[in-house]
Amino acid sequence: RTDLGVFIERVFNHLFPNTAYLPNWHIELIAARLEAVLDGRIKRLIINVPPRSLKSVMASIAFVAWALGRDPSRQIICASYALDLAEKLAQDTRSVMQSDWYRNVFGNILEGNRPSVGDFSTIKGGGRYSSSVGAALTGRGGDIIIIDDPLKPDEALSDAERTRANEWFDHTVSSRLNDK
C-alpha cells in the first residue's frame, strides 16, 4: 500500500496526463492531515487554500479513492455547491478506482455500475454519494463527509448564502454522520 502523498501524485497523473505534477509542501501537509482524518486522529478538518491548489483533487477525489481502497466498507458523502460539480468529482474518483494501477494496489473493489453518476458502491457495502449543498440527505449516512466548495465564489460575499449553507450544515449534514 502507498501513503496518501504518493497516491495524490498518481491520481494527478491519471487525471491530467499532459500536465506536469509540481510537488509542494502544502500537498504533503494536506495529505498528512487527511491521513489523520482517516485514522480518527482529526475529527473535523478545514482546508483553506487558493483556487487551483489541488484541494478538490486531494480531498474529493484522491482521498476518497484511497480511503475506500483501504476500507471498502467506508461510506463517504461528498457535497459541493452544485450537483454537476459533485458528480464530476465522483466521475473522476470512479475513473481512478477503475484504473489498472489502482486495482493493482487495492484490487477491484467497485460493485457493478449504478445508474447515478455520483453514487457508487464497493463490494463491501461502502461507497461514495454525491450531493449538492442544500439538498436533502434523508436516508444517507457517512463515516466521512466532505464539503468541497459549499458556495460559488460570488455567493461567498452574500450573508444570506453563507447563512443558508451554514444552516444546511447544522441541520442536515451534522445528523448524517454514522458515528457522532
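Residues numbered from 1 in each chain as written. Predicted model: local features only at pLDDT ≥ 70, side-chain atom pairs only at ≥ 80, totals over all residues. Heavy atoms only, no water.

S.K.: Explain the overall build of the chain here, please?
M.R.: Of the regular secondary structure elements, the chain holds six helices and four strands. Along its sequence from the N terminus, the chain presents helices and strands in the succession α-α-α-β-α-α-β-β-β-α. With the principal axes as the frame, the chain shows a C-alpha extent of 45 × 35 × 30 Å. When contacts within the chain are restricted to residue pairs at least 6 apart in sequence, those whose partners lie at least 24 apart make up 71%. Accessible surface for the chain amounts to roughly 9,800 Å². Of this, 48% is attributable to carbon and sulfur atoms. Of the charged side chains in the chain, 22 are positive and 22 negative, and the gap between their average positions amounts to 4 Å. (Helix = DSSP H or I, 4+ residues; strand = E, 2+ residues; numbered from the N terminus. Contact = heavy atoms within 4.5 Å. Areas by Shrake-Rupley, 256 points an atom, 1.4 Å probe, with all protein chains shown as cover. Lys, Arg positive; Asp, Glu negative; His and termini not counted. Charge placed at Lys NZ, Arg CZ, Asp CG, Glu CD.)

S.K.: Quick question: what am I supposed to make of the packing of aromatic side chains here?
M.R.: The geometry of an aromatic ring pair comes down to the distance between the two centres and the angle between the two planes. A complete count under the given rule lists seven aromatic pairs for this structure. With a centroid separation of 5.0 Å and an interplanar angle of 45°, the aromatic rings of phenylalanine 12 and phenylalanine 16 are classed as tilted. Look at phenylalanine 12 and you get buried, because its relative accessible area is 7%. Overall, phenylalanine 16 belongs to the partly exposed group, its relative accessible area being 32%. Taken together through their ring pairs, the aromatic side chains of Phe7, Trp101, Tyr102 and Phe106 make up a single cluster. (Phe/Tyr/Trp six-rings, centres within 6.5 Å; stacked < 30°, edge-to-face > 60°. Buried < 20%, exposed > 50% of the residue type's maximum accessible area, 1.4 Å probe, protein only.)

S.K.: It is not clear to me how the nonpolar core should be interpreted in this structure. Could you clarify?
M.R.: The nonpolar side chains of a soluble globular protein tend to be buried with one another. Phe7, Val11, Phe63, Val96 and Tyr102 are the most contacted members of the largest nonpolar core, which totals 39 residues. Taken together, the elements giving at least two residues each to this core come down to helix 1 (4–15), helix 2 (25–39), helix 3 (55–70), strand 1 (75–80), helix 4 (83–98), helix 5 (100–106) and strand 4 (144–147). Take this core: its biggest share by element is 10 residues, from helix 3. Not counting residues within four places of it along the chain, the set of residues in contact with phenylalanine 63 comprises Leu4, Leu34, Val37, Leu38, Met58, Ile144 and Ile146. (Core = buried A, V, L, I, M, F, W, Y, C linked by side-chain atoms within 4.5 Å.)

S.K.: Where do I start with the sheet that holds strand 1 in this structure?
M.R.: Neighbouring strands of a sheet are bound in pairs by backbone hydrogen bonds; such pairs are parallel or else antiparallel. With mixed pairing, the four strands of this open sheet are ordered in space as 2-3-1-4. Each edge of the sheet is formed by a strand with only one pairing partner; in this case those strands are strand 2 (119–121) and strand 4. Averaged over all pairs of adjacent strands, the angle between their axes in this sheet comes to 15°, without regard to strand direction. Sheet analysis places strand 2 next to strand 3 (residues 127–132), joined by three bridges and oriented antiparallel. Bridge pairing in strand 3 places aspartate 119 opposite tyrosine 129. Across the sheet, helix 4 is in contact with strand 1, strand 2 and strand 3; its angle to strand 3 comes to roughly 160°. (Pairing = 2+ DSSP bridges. Axes fitted to C-alpha atoms, helices over the stretch in contact; angles between N-to-C directions.)

S.K.: Sorry, what's going on with the layout of surface pockets here?
M.R.: Where empty space is left becomes clear once a probe the size of a water molecule has been rolled over the atoms. Of the pockets and cavities examined, the second largest pocket occupies roughly 150 Å³. Gln75, Gly127, Tyr129, Arg140 and Gly141 are, among the 14 residues lining the second largest pocket, the residues nearest its centre. Looking at the lining of the second largest pocket, the elements with two or more residues in it are strand 1, strand 2 and strand 3. Residue composition of the lining of the second largest pocket, by class: four nonpolar, six polar and four charged. (1 Å grid on protein atoms, 1.4 Å probe; cavity = no way out; pocket = protein on both sides within 12 Å on 5 of 7 lines; lining within 4 Å. Points joined across faces, edges and corners; volume = space filled by probe spheres on them. Nonpolar A, V, L, I, M, F, W, Y, C, P; charged D, E, K, R; others polar.)

S.K.: Teacher, can you tell me more about the side chain of threonine 122 here?
M.R.: Relative to the helices and strands, threonine 122 is located in the loop between strand 2 and strand 3. Within polar-contact distance, the side chain of threonine 122 engages the backbone oxygen of proline 72 at 2.3 Å. Here threonine 122 is in contact with Leu68, Pro72, Ser73, Ile109, Leu110, Glu111 and Gly127, once residues within four sequence places are set aside. (Polar contact = N/O pair within 3.5 Å; in protein donor to acceptor, adjacent residues only side chain to side chain.)

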